[in-house]
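Here are the chains, one letter per residue:
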Amino acid sequence: MQLYISPSMRQVTVFPGKGVREFIKVKVTSRRLSCKMVIYSLLFLTFLLRFIFVLTAMDTIEGETRCSSLGCIGKRLDPRMWRRLDSVRVPEEIYQVLEEAEIQEAMPRADVPQTLEAFVAEMKSNRSDAKTFALRLKAMVSLMEQKTRVAKIQEYLYRHVASSSIPKPLHCLALRLAQEHSTNAGARLQLPAPERVPTLVDPGLYHFVLASDNVLAAAVVAASLVANAFRPAAVVLHVITDRKTYAPMQAWFSLHPLAPAVVEVKALHHFDWFTRGRVPVMKAMERDRAARSQFRGGSSAIVANVSEKPIVVAAKLQALSPKYHSVMNHIRIHLPELFPSLNKIVFLDDDVVVQADLSPLWDIDLQGNVNGAVETCRGADKFVMSKRLKNYLNFSHPFISENFDPRECAWAYGMNVFDLDAWRKTNISVTYYHWLQKNLESDLSLWQLGTLPPGLIAFHGHVHVIDPYWHMLGLGYQENTTVADAEKAAVIHFNGRAKPWLDIAFPEIRPLWTKYLDFSDKFIRACNIRA
């Protein structure tokens, strides 16, 4: 058999021979490579080199610079086929050292690497064994954890001080308005005007209640409420304050009328029923204030406890906030007595901003319940909308565990629709103070902070869930809230430490509050209150 290949390599001819010997003796003649063959060969080599280059580059990016391109190809196809000698398994000795409760050899803090760069440089220079590597690594990480804990606790302490103190501009505003109240008859006008007094008891109007001792915060709530109302003339705002803030509050709303809306300003001592003998709120608040002033030994003792996690320290510091023993925070439990002529109201906290008309709230059928509120266990924001009773009440205490379900969904204060007629048929107020008394007798062990925990207990079984659109929470502690999301809500609530009137407020969402302030106002400018 003979094999013939043409010079152009386009034709191959096989001739039958006399046997294997003749086939082996086939003579191959020399030939000249064609230009086309050379071009094809170059193209093939170019593609192959580029392919190898890409694989090598990918391996380099992934940090595996020691393997060859072919080795890396094989490793990707099946690592078990390429038993590499340089195994990347972590030695068991390192795990043993890292899992030890404490570092065996006490290491001076100055000798511990302060940065990752210093640690890597030390390991490269000393060529340490695995045990030394693990010990040094554990010492560095432990030191970083200590520094992080101290920094977080300092942050929480500073935020606690900032949120508990009265900012100088707000103090200035209250003093200037009080002075104006004493010298200017126009700042002492009867609110509302005599001809508008009948509207205060007209059940056909939209009645809102705001309890606050913060003039600036109350001004924003009132301005946003009226500005977004479709029928401002049907809006009646009842502002309740304490004795010391009454003069500044009356001066502000006298000099800044919100006509055609009606605004009433009253202090607690103006209500006939509000006497120490008849209302348990005063006695309860005095005891609560005394207990909280010594709670956990005060802020210094809380911060000095090195065994507590920062988040636990933050919760204990928050329990010392003055707002939790403010009568303004508890007075809502007596709304039926405050407004005996009204059958339905909307209660607003002073750290909210109204962004829509709230009159449709009066069309909501509460189905015989007392409190229309937004649930806080369902929603896209898992950080804010994940609250259940176990987040507020201490279920390790038998008083709580025997009466409530820890998985039950919680609800929010801040914007609530109250059916006062249905409320008057219940014992909600009595239940509220009964549990408040139990908490005081238990050394604040049933819950630690706020008026929401006793509210959750008192209104248990009397809550009707309303659409989350009406009340968006968390703007005072959730910095990930976007302006676009906040603008979609009817009421936004700056609950948390980062109040919008404080310097620690989140700057991205603070304009949603400041846009309802007139910074050209003489009182605002005089007290250096700026956007």
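Structural data are supplied above this passage.
Note that the coordinates shown come from a computational prediction; the quantities given were computed from them, not determined experimentally.

A.B. asks: An account of the overall build of the protein chain is needed here, citing residue identities and associated values.
C.D. replies: Secondary structure summary: the protein chain contains 21 helices and eleven strands in total. Here the protein chain holds 531 residues, and the buried ones make up 45% of them. In the protein chain, the proportion of contacts linking residues at least 24 apart, taken out of those at least 6 apart, comes to 72%. Of the accessible surface of the protein chain, which amounts to about 29700 Å², a share of 57% is contributed by carbon and sulfur atoms.

A.B. asks: Requested: an account of the pairing of strand S9 (residues 415-419), with residues and values cited.
C.D. replies: Burial analysis of S9 places four of its five residues in the buried class, which makes it a mostly covered element. Of the strand pairs in this sheet, strand S6 (residues 344-348) and S9 are connected by five bridges, and their pairing is antiparallel. Across the sheet, the residue bridging to isoleucine 345 is phenylalanine 418, located in S9. Two strands pair when backbone bridges link them, and strand S8 (residues 371-373) and S9 are joined in this way by two bridges, in the antiparallel orientation. The residue bridging glycine 372 from the neighbouring strand is valine 417, located in S9.

A.B. asks: Tell me what's going on with unusual backbone geometry, and back it up with residues and numbers.
C.D. replies: Cis geometry is adopted by the peptide bond preceding proline 192, which originates at leucine 191 and carries an omega value of -5°. With respect to the secondary-structure elements, proline 192 resides in the loop between helix H7 (168-183) and strand S3 (206-211). With an omega of 10°, the peptide bond running from alanine 259 to proline 260 counts as cis. Mapped onto the fold, proline 260 is located in the loop between helix H9 (243-255) and strand S5 (262-267).

A.B. asks: Go over the nonpolar core with me, naming the residues and quoting the values.
C.D. replies: Across soluble globular proteins, nonpolar side chains show a tendency to be buried alongside one another. Core analysis: the largest hydrophobic core is formed by 79 residues, its most contacted members being Leu173, Phe208, Leu216, Phe253, Leu358 and Leu361. It is helix H8 (residues 215-227) that provides the largest number of residues to this core, a total of eleven residues. The residues contacting leucine 361, other than those within four sequence positions of it, are Lys344, Val346, Met415, Val417 and Trp470. Core analysis: the next-biggest nonpolar cluster, separate from the first, contains 41 residues, Met328, Leu342, Phe347 and Val370 among them.

A.B. asks: An account of the side chain of threonine 451 is needed here, citing residue identities and associated values.
C.D. replies: Its location among the elements puts threonine 451 in the loop between helix H17 (428-441) and helix H18 (452-458). Among the polar contacts listed, one links the side chain of threonine 451 to the side chain of asparagine 329, at a separation of 3.5 Å. What threonine 451 contacts, discounting residues up to four positions off in sequence, is Asn329, His330, Arg332, Tyr413 and Tyr432.

A.B. asks: Before we move on, could you go through the pattern of salt bridges and cite the residues and values that matter?
C.D. replies: Counted under the stated rule, the structure contains six salt bridges. Two residues, arginine 378 and glutamate 375, come together in a salt bridge whose shortest N-O distance is 2.3 Å. In this structure, aspartate 421 engages arginine 424 in a salt bridge whose closest nitrogen and oxygen atoms are separated by 3.0 Å. We classify aspartate 421 as partly exposed; its relative accessible area is 39%.

A.B. asks: So what about the state of the cysteines? Which residues, and what values?
C.D. replies: Under the criterion given, the structure shown has two disulfides. Between the sulfur atoms of cysteine 172 and its disulfide partner cysteine 527 the distance amounts to 2.2 Å. Disulfide cysteine 172-cysteine 527: torsion about the S-S bond near -80°, hence left-handed. Residue cysteine 172 is found in helix H7, and its partner cysteine 527 is found in the segment after helix H21 (522-526); the two are separated by 355 residues along the sequence.

A.B. asks: Explain H7 residue by residue, including any values.
C.D. replies: With 16 residues, H7 extends 23 Å between its outermost C-alpha atoms, agreeing within 8% with the 22 Å of an ideal straight helix rising 1.5 Å per residue. Those residues of H7 that are buried lie in contact with H8, H9 and H21.

A.B. asks: How would you sum up helix H5 (residues 116-126)? Please name residues and give values.
C.D. replies: Within H5 the residues assigned to the buried category are Phe119, Glu122 and Met123. Down the axis of H5, the sector holding all buried residues measures 95°, keeping them to one side. Structural note: H5 exposes Glu117, Lys124 and Ser125 on the side pointing more than 90 degrees away from its buried face. One or two residues past the end of H5 sits arginine 127, with phi positive at roughly 50°.

A.B. asks: Please set out the packing of aromatic side chains residue by residue, giving values where relevant.
C.D. replies: Summed over all chains, the structure comprises eleven aromatic pairs. Here the aromatic rings of tyrosine 206 and tryptophan 362 are separated by 5.1 Å at their centres, their planes lie at 55°, and the arrangement is tilted. Here tyrosine 206, found in strand S3, pairs with tryptophan 362, found in the loop between strand S7 (352-354) and S8; they are 156 residues apart in sequence, far enough to count as distant. Across the pair, exposure class does not vary: tyrosine 206 and tryptophan 362 are buried alike. With centroids separated by 5.2 Å and ring planes inclined at 50°, the aromatic side chains of phenylalanine 418 and tryptophan 423 adopt a geometry described as tilted.

So, how was this worked out
Residues numbered from 1 in each chain as written. Predicted model: local features only at pLDDT ≥ 70, side-chain atom pairs only at ≥ 80, totals over all residues. Heavy atoms only, no water. Helix = DSSP H or I, 4+ residues; strand = E, 2+ residues; numbered from the N terminus. Buried < 20%, exposed > 50% of the residue type's maximum accessible area, 1.4 Å probe, protein only. Contact = heavy atoms within 4.5 Å. Areas by Shrake-Rupley, 256 points an atom, 1.4 Å probe, with all protein chains shown as cover. Pairing = 2+ DSSP bridges. Core = buried A, V, L, I, M, F, W, Y, C linked by side-chain atoms within 4.5 Å. Polar contact = N/O pair within 3.5 Å; in protein donor to acceptor, adjacent residues only side chain to side chain. Salt bridge = Lys/Arg side-chain N within 4 Å of Asp/Glu carboxyl O. Disulfide = S-S within 2.5 Å. Expected span 1.5 Å × (residues − 1). Arc of directions from axis to C-beta. Phe/Tyr/Trp six-rings, centres within 6.5 Å; stacked < 30°, edge-to-face > 60°.

So yeah, pure geometry; function would need other evidence.
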